[in-house]
Each structure stands twice: as structure tokens, then as C-alpha cells.
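Fold and contact review
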Amino acid sequence: MNDWRGVQNMPLWSNNIDSKNIHLAVEGSIGGTTLGLQLAKQTIESGKRVLWASPELPDGSRFGQIFKGVDPVSASLYHAMNLVGDIQQSLTSLKSAAKILPNVGLVVIDDYCSNIGRIPKNTIAAINDFVNQSKWATLLISKGGTSMDDRPLIARGSKSLNVDEIWLLIRNQNNNQRILFNGEIQVNLKLEEDGFHN
């Protein structure tokens, strides 16, 4: 009971991602999509539009938990597209939508590559073409790779992708504790029903 009251007093995590291109590498099934949804909500609450592209759309109940309290008019600023088939064609369609729709503040591309191995060169080329022409923030979310040194995780493709920042999201020792790394900056987060708190 006391723990829940403490979470209610903890602020929801937020981040200023204005026009940045970010690659978020995550350990499997620890909240990468949730973090993306939270940034999408933050963007919508600032009055800007969000485009979301992924092979499978976010879970409806999780979406409802994160977007709870967002009025229907604001929620209409969220647009989802399936990222299937040829990656170049999918991203060309996504880029066209982002240029046609007014006031796009964030494009999230979730699970854009397989969970293991190297990211294919044609995927990297398509992603780079997309981010190089963007006038909005882009968040790329993928599963990270195993590190061969003291780093907790590596962002696959980090040397080839044209991004401004690389974030790593890992599980901490406790079940709902996470650590978000942005370069040398480390943020301790707690994953709850309504999103990440810090």
C-alpha cells in the first residue's frame, strides 16, 4: 500500500526529444514500446502529431493505460501504420504521410528489424534515408545485442545509423526497475501501469 502511494507521488518520466533522431536499444520485453508510447503521449500533449510504424501495433490495453486521460480530440493526433513487406517502400509511405500531415512532432519506428544478428544493409540505408530527410523527432526501437565488454547492452547498427543519440534500456535487479542510458547519463526508472516514473 505504501509503495503504491509512493509511485503516485513519483512524476512520470519525460524527455525533450525535439527534432532528435534517437535509437533506443532494449533488452527483450522490458518496456521499449511503453517508453515509445509515453513519448508519443508527451508529444501529443504538446499539441503535435505522432506517427507510429511497426509490424504489430501496440497492445490495445497497454495503449489505453498510457493514454488514459488524453481527450479524444488529442488522441486523434496519433496515427498508426503497419511496417510490413519491403522496408524501403514502408518508410517511403511513412515519410510521405509525415510530410503531408500537419504538425508532426514524432515518428516512432518500432521493431523495424529482426531481434538477432546484424541489421541488414538495406534496412540501415532505408532508415538513414528517412532520418536524413526528417524535420521531426524520430525514435527507432529495436532489441539490443549482447555486449562483449563491460557495457550492459549494445545498440546494433549504432555505427551505421545516422542518429543524434543512442539510448539503452535495461532491467535493473528489481522486477519493475529499469535503467535508461543516454551516453554517460543514467536514469533510474520504475515501470508502472501508467508508464515509467522517475
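The structure displayed is predicted, hence computed values, not measured ones.

**Quick look at the overall build of the protein chain**
Regarding its fold elements, the protein chain presents 6 helices and 9 strands. For the protein chain, the C-alpha radius of gyration of 16 Å lies close to 16 Å, the compact-globule estimate for 198 residues. Seen along its three principal axes, the alpha-carbon backbone of the protein chain occupies a region of about 50 × 50 × 25 Å. Contacts in the protein chain between residues far apart in sequence, at least 24 positions, make up 70% of those at least 6 positions apart. Here the protein chain holds 19 positive side-chain charges and 19 negative ones, and the gap between their average locations is 3 Å.

**Comments concerning the sheet that holds strand β3 (residues 78-82)**
Spatial strand order, β3-β2-β4-β5-β1-β6-β7-β8-β9: 9 strands in an open sheet with mixed pairing. Since the sheet does not close on itself, it has two edges, and those belong to β3 and β9 (195-197), each with one partner. Here the average twist between neighbouring strands, direction ignored, is 25 degrees. Where helix α5 (residues 87-100) meets the sheet, it contacts β2 (49-54), β3 and β4 (104-110), and its direction lies at approximately 165 degrees from that of β4.

**Quick notes on α5**
One turn of an α-helix holds 3.6 residues; hence residues three or four places apart share an orientation. Compared with the 20 Å implied by 1.5 Å per residue over 14 residues, the 20 Å span of α5 between its first and last C-alpha is a close match. Buried residues of α5: Ile 87, Ser 90, Leu 91, Leu 94, Lys 95, Ala 97 and Ala 98, and no others. The arc that holds every buried residue of α5, seen down its axis, measures 160 degrees, which confines them to one face. Of the exposed residues in α5, the ones pointing more than 90 degrees away from its buried face are Gln 89 and Ile 100. Contact partners of the buried residues in α5: β2, β3, β4 and α6 (121-132). For α5, the N-terminal capping position is held by Asp 86, with its side-chain oxygen 3.3 Å away from the main-chain nitrogen of Gln 88.

**Quick word on helix α2 (residues 32-45)**
Over its 14 residues, α2 extends 20 Å from the first C-alpha to the last, a length consistent with the 20 Å expected when each residue adds 1.5 Å. Within α2, 11 of the 14 residues are buried, leaving the element largely enclosed by the surrounding structure. Taken together, the buried positions of α2 are Gly 32, Thr 34, Leu 35, Gly 36, Leu 37, Gln 38, Leu 39, Ala 40, Lys 41, Thr 43 and Ile 44. At the exit of α2 stands Gly 47, carrying a positive phi of roughly 95 degrees.

Rules used throughout
- The written sequence of each chain sets the order in which its residues are numbered from 1.
- Since the coordinates come from a predicted model, pLDDT governs what is reported: local features require at least 70, and pairs of side-chain atoms require 80 or more to be given and counted, while whole-chain, interface and lining totals use all residues.
- Each side-chain value is derived from all of the structure's non-hydrogen atoms; neither hydrogens nor water enter the calculation.
- Helix and strand assignments come from DSSP, with helices taken as H or I runs of at least 4 residues and strands as E runs of at least 2, each series counted from the N terminus.
- With C-alpha atoms as the basis for the radius of gyration, the globule rule is written as 2.2 Å multiplied by the number of residues raised to the power 0.38.
- Here, two residues are considered to be in contact whenever any of their heavy atoms come within 4.5 Å of each other.
- For the purpose of charge, His is not counted, nor are the chain termini; Lys and Arg are scored as positive and Asp and Glu as negative.
- To locate a charge, the coordinates of NZ of Lys, CZ of Arg, CG of Asp or CD of Glu are taken.
- In short, DSSP must find at least two bridges between two strands for them to pair.
- In this analysis an axis means a line fitted to C-alpha atoms, helices contributing only their contacting stretch, and an angle means the value between N-to-C directions, from 0 to 180 degrees.
- What a helix should span is 1.5 Å times the count of its residues minus one.
- Each residue is assigned to one of three classes by its accessible area relative to the maximum for its type, calculated with a 1.4 Å probe on protein chains only: buried under 20%, partly exposed between the two thresholds, exposed over 50%.
- Along the arc lie the directions from the helix axis toward the C-beta atoms.
- Identification of polar contacts relies on pairs of N or O atoms within 3.5 Å, with a donor-acceptor requirement for protein atoms, meaning one able to donate a hydrogen and the other able to accept it, and with residues adjacent in sequence counted only if both atoms are side-chain atoms.

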